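Breakdown of the fold
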Amino acid sequence: MTSFQSTLGEEEGIAEELAESQREISIAEFFEKNKHMLGFDSGARGLVTAVKEAVDNALDATEEAGILPDIYVEIQESGDYYRLIVEDNGPGITKEQVPKVFGKLLYGSRFHAREQSRGQQGIGISAAVLYSQLTSGTPAKITSRTKGSETAKYFELTIDTDTNEPVIQDESETTWERSQGTRIELEMEANMRARSQLHDYMQHTAVVNPHARLELREPKNHFKYERAEGAELPAETEEIRPHPHGVELGTVIKMLNATDSHSLRGFLQEEFTRVGAKTADSILDAFRDRHYGREMTWSVPREGVSEAVTDAVSNKSGADTEAFADALGEELADADRVSFTDIENAVDAAADAASEETGTTFGDTVRENVVDAVWTAVTENRDDDLYGFVDDATSVQKDDATVNGISWRIAEKFGEETPRDRLLREDLRDFVVRAAESIEERNGVTVGETSRENITERLWEAMRRVEDDVPLAREVASDRDAARDLLDAMTSVDVISPPTNCLAPITPELIEAGLRKEVDADFYAAATRDADVHGGDPFVVEAGIAYGGDIPADGTVQLMRFANRVPLVYQRGACATTQTLKGIGWRNYGLDQPGGSGLPSGPCVIMVHVASTNVPFTSESKDALASVPAIEDEIELAVREAARELKSYLNKKRSMEKRREKQNVIADILPKMAHKVSEMTDREDLVIEDSLARIMNNVLVESEVTEGSLTVSVENHADTNADLDVTAIVDAEPSDVSAGSVVEMDGEYFLKWEPTVSGGEDAELTATVPDGTDCELSVDGVEAEKLTVNQ
């Protein structure tokens, strides 16, 4: 059978015919056929994704306007479809922008900005609109009211997938009870099978956005997530320039073509963050090494320089030549080693000095002849000069013949093929490798990788950096090799970490507040790492842990993943966060880890948040973080930092459990012993609390009301100080409270003291109360297992 491809070219005009069938594809048309890429691959997931995109937009809008978010989400059953309504109290959207924001894919204000934001590509909410119209055939209904407007603007719109442009089907003004904000209503083919993921998304959003108030109403449930007390808006972010570390070659070339700077120094300082004058100079020095190479330096011979000058200078008197030679000798007197450029500079300085002394001019030809003559004298015995470097860089097991052989073979490679003895490091390395291979082949002596690298490094250190002018920015832009050298130089130089004012991390305090608000646990810990950089974009990793309480103890821990304060609900197994946590040895931190790998098990919640100016997701649906080593390292370090606090807590908890068991045993035996002693001695039963406190090294707190006086005694039988918070609740008004305070509430009086009692010491807290006053003690500041209260 004849294939179609085999017939191409047999008929005239086939290329034109094929060209006529080709056309540009609209981004909306592309995602119309590939909606799964955006997270709309099923009715269940599509509903969750639509909620996510709308809520993310609402959070961004309110925060950018400096408004504490108040977001309402409602899901209604509508025949065979579901209706999604999302409202916010943000600044609203202008009439001109509403169609573009909701009806045009890849339209937004954040794609080019290097600052943290939830949305970046401008796809999310318009993709939800597209999914709605594809599955239900109905337009999106948007209501928006800006502050101070008497009415709201109402739109019904769809997306023309052929042109990626909004199609307005209805536009009018309407009344709305909100004074400002935006409301979107979408009808779509969906189902509630992913209800748990929807609830997770809302709860997790509340955890990492403790400043937001969220409400979710659905056919069978109603949830409210209040903002944490005192929670404020995230810190405002500022756009920054890219960081020199991590940018790619194509990006550098693009930036070089676009810059207004003519010089490379100006380009580095103006286009990158954290690059000042000193850093720019360091990068340019590293660029010279990679672009021009370095010049080998050689020992200055103690004899022969004067003869070289005399031989090279002609048509000058003997006195003039001698003055030149003496001046050159002074220039080189303090130099142990010189490069070709050093000799040029020394000859120029000596010629100028001799001219000033004698009045005779030493022109360019004379100077060039002298440079060549001195260079010949300096490089006459290169192999002897290299011997010391090779000997220092190789092990003592290398005999003298081997060191000599390597030195000679490296030295013979200098000469006509290395003008000015200038080499790139890779060329120098090649010299060393070829010399080592030759020795191995001829003498059977092995020169290993370590020795080769040591020799290369030792010689490279002896070479002199050249001071040639670097090319202009536009010249580097047109030379890919030069641009690569610049990129390598930028990467090699230590540059201060990027500024963090482009990021708004949650902070450990608010991470803990968010977890406390939504997770009932016994223990909380949080950690925020310093900023790092990947691909020229700064990022910060944060981690939080909650343990115990009402968290289910069965199965693996609950993992919360976030990027720029947005929960990542799907593709947990494909996420770099999950894979990183699986590689941690959790048994070291007190959690069970069956098989020694994988996620740990137990009553624990682990959250990880990555804040970045450009989060590396695995796909357009933004459900999982890509495996980026720099980010994975920071995730591990952040989680380990929080896990160390968990380990301390669990160790202390286990210690307290053992102490409680011991105390229970003693408390069971001691009364029996005391009773027997009382029987034998015919005395009243002993009060055992004092003895129990002494035996267990506890803090003993006792209260007594006698003759109109309340006395609270504190005895610290431990070795360390006890910072106590003692509250005595009495039913009559007290007076003369010693070093304490009184608060009246509902007819009861709360006497509060905060004494610090040193180990082995006691204290008395007193107040005057009427006879017959009832007293109830409450003591905080010491673990229950280390406290004995007798009242």
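Residues numbered from 1 in each chain as written. Predicted model: local features only at pLDDT ≥ 70, side-chain atom pairs only at ≥ 80, totals over all residues. Heavy atoms only, no water.

We now examine the overall build of the chain. The number of helices and strands found in the chain is 23 helices and 29 strands. Burial analysis of the chain (791 residues in total) assigns 49% to the buried set. Here the contacts in the chain between residues at least 6 apart in sequence split such that 70% fall between residues at least 24 apart. Total accessible area computed for the chain in this model is approximately 39000 Å², and 43% of it derives from carbon and sulfur atoms. (Helix = DSSP H or I, 4+ residues; strand = E, 2+ residues; numbered from the N terminus. Buried < 20%, exposed > 50% of the residue type's maximum accessible area, 1.4 Å probe, protein only. Contact = heavy atoms within 4.5 Å. Areas by Shrake-Rupley, 256 points an atom, 1.4 Å probe, with all protein chains shown as cover.)

Compared with the 32 Å implied by 1.5 Å per residue over 22 residues, the 32 Å span of helix H3 (residues 43-64) between its first and last C-alpha is a close match. A positive backbone phi angle near 75° is found at Gly66, which sits one or two residues after H3. (Expected span 1.5 Å × (residues − 1).)

Moving on, we get to a nonpolar patch on the surface. A surface patch of nonpolar side chains, about 280 Å² in accessible area, is lined by Val665, Ile669 and Met673. As for its placement among the helices and strands, Met673 is situated in helix H22 (residues 629-681). (Patch = residues over 30% accessible without salt bridge, like charges linked within 9 Å, V, L, I, M, F, W, Y side chains within 5 Å. Salt bridge = Lys/Arg side-chain N within 4 Å of Asp/Glu carboxyl O.)

Glancing now at the environment of Gln203. In this structure, Gln203 sits in helix H6 (residues 195-208). Given the relative accessible area of 22%, Gln203 is considered partly exposed. With 311 residues separating them in the primary sequence, Gln203 and Gly514 have C-alpha atoms 9.8 Å apart. The residues contacting Gln203, other than those within four sequence positions of it, are Tyr225, Glu518 and Met560.

With mixed pairing, four strands are arranged side by side in an open sheet as S27-S21-S20-S29. Edge positions in the sheet fall to strand S27 (762-768) and strand S29 (787-790), since each of these pairs with one other strand and no more. The sheet shows a mean angle of 15° between the axes of neighbouring strands, taken without regard to direction. Where strand S21 (residues 709-716) and S27 come together, seven bridges link them in antiparallel fashion. Bridging from a neighbouring strand, Val712 pairs with Leu765 of S27. (Pairing = 2+ DSSP bridges. Axes fitted to C-alpha atoms, helices over the stretch in contact; angles between N-to-C directions.)

Here we have four strands laid out as an open sheet, ordered S24-S25-S23-S28, and antiparallel in their pairing. Both edges of this open sheet fall to strand S24 (741-745) and strand S28 (775-780), since each of them pairs with a single strand only. Across the sheet, the mean angle from the axis of one strand to that of its neighbour is 20°, orientation sign disregarded. Here six bridges tie strand S23 (residues 725-730) to S28, and the two strands are oriented antiparallel to one another. Within the sheet, the bridge partner assigned to Asp725 lies in S28 and is Asp780.

Here helix H19 (residues 480-492) contains 13 residues, and its C-alpha end-to-end distance of 18 Å stays within 8% of the 18 Å for a straight helix at 1.5 Å per residue. All buried positions along H19 are accounted for by Ala482, Ala483, Asp485, Leu486, Leu487, Ala489 and Met490. Those residues of H19 that are buried are in contact with helix H7 (249-258), helix H8 (264-271), helix H9 (277-291) and helix H18 (473-477). A distance of 3.1 Å separates the backbone nitrogen of Asp481 from a side-chain oxygen at the start of H19, and that oxygen is part of Asp479. (Polar contact = N/O pair within 3.5 Å; in protein donor to acceptor, adjacent residues only side chain to side chain.)

So, about the nonpolar core. Ranked by internal contacts, the top residues of the largest apolar core, which has 52 residues, are Met296, Phe324, Leu328, Val370, Ile410 and Leu459. For this core, the secondary-structure elements that each account for two or more residues are helix H10 (305-312), helix H11 (318-332), helix H12 (340-358), helix H13 (364-378), helix H14 (382-393), helix H15 (400-411), helix H16 (425-443) and helix H17 (449-462). If one sorts the elements of this core by residue count, H12 sits on top with seven residues. Residues in contact with Ile410, not counting those within four places in the same chain, are Leu386, Val390, Phe431, Val432, Ala435, Ile455 and Leu459. Counting 44 residues, the second-largest nonpolar core is a separate cluster that includes Leu84, Phe102, Ala128 and Tyr201. (Core = buried A, V, L, I, M, F, W, Y, C linked by side-chain atoms within 4.5 Å.)

Attention now goes to the confidence of the model for the chain. For the chain, the mean per-residue pLDDT works out to 86, and 90% of the residues sit at or above 70. Ignoring residues within four places in sequence, the model shows residues 107-113, a span with pLDDT below 50, making 15 contacts including any to other chains. (pLDDT = per-residue confidence, 0-100.)

Let us now look at the packing of aromatic side chains. According to the stated counting rule, one finds nine aromatic pairs in the structure shown. Aromatic side chains Phe414 and Phe431 sit 5.6 Å apart centroid to centroid with 85° between the ring planes, which places their arrangement in the edge-to-face category. In this pair, Phe414 is assigned in the loop between H15 and strand S12 (422-423) and Phe431 in helix H16, connecting sequence segments 17 residues apart. Of the residues examined, Phe414 reaches a relative accessible area of 7% and is grouped as buried. With relative accessibility at 7%, the residue Phe431 sits in the buried group. Feature note: the residues Trp298, Phe414 and Phe431 constitute an aromatic cluster, connected by ring pairs. Lying over the aromatic face of Tyr570, Arg45 brings its terminal NZ or CZ to 4.5 Å of the ring centre. Sitting over the face of the ring of Phe362, Lys316 holds its NZ or CZ atom 5.6 Å from the ring centroid. (Phe/Tyr/Trp six-rings, centres within 6.5 Å; stacked < 30°, edge-to-face > 60°. Lys NZ or Arg CZ within 6 Å of the ring centre and 35° of its normal.)

What follows is about the pattern of salt bridges. Under the defined criterion, the tally for this structure stands at 42 salt bridges. Close ionic contact of Arg178 with Glu87 constitutes a salt bridge, the shortest N to O distance being 3.1 Å. Here the residue Arg178 occupies a position in the loop between strand S5 (165-174) and strand S6 (181-188), and Glu87 occupies one in strand S2 (residues 81-88), the gap between them amounting to 91 residues. Look at Arg178 and you get buried, because its relative accessible area is 18%. A relative accessible area of 10% places Glu87 in the buried class. Glu449 is paired through a salt bridge with Arg429; the nearest N and O atoms lie 2.6 Å apart.

On to the side chain of Thr577, then. Within the secondary structure, Thr577 sits in helix H21 (residues 576-582). Those residues in contact with Thr577 that sit more than four places away from it in its chain are Leu559, Arg561, Val608, Leu625 and Ile635.

The relative placement of two packed helices is expressed as an angle between their axes plus a distance between the axes. Where H16 contacts H17, the two axes come as close as 9 Å, and the packing angle between them is 135°. Comparing their axes, H17 and H16 come out oblique. Relative to H17, H16 is oriented so that their crossing is right-handed. Across from Arg425, Leu428, Arg429, Val432, Val433, Ala436, Glu437 and Glu440 in H16, the residues of H17 making contact are Glu449, Arg452, Glu453, Ile455, Thr456, Glu457, Leu459 and Trp460. Considered class by class, the residues forming the contact of H16 with H17 number seven nonpolar, one polar and eight charged. (Parallel < 35°, antiparallel > 145°, perpendicular 65-115°, else oblique. Left-handed = near helix turned anticlockwise from the far one by under 90°. Nonpolar A, V, L, I, M, F, W, Y, C, P; charged D, E, K, R; others polar.)

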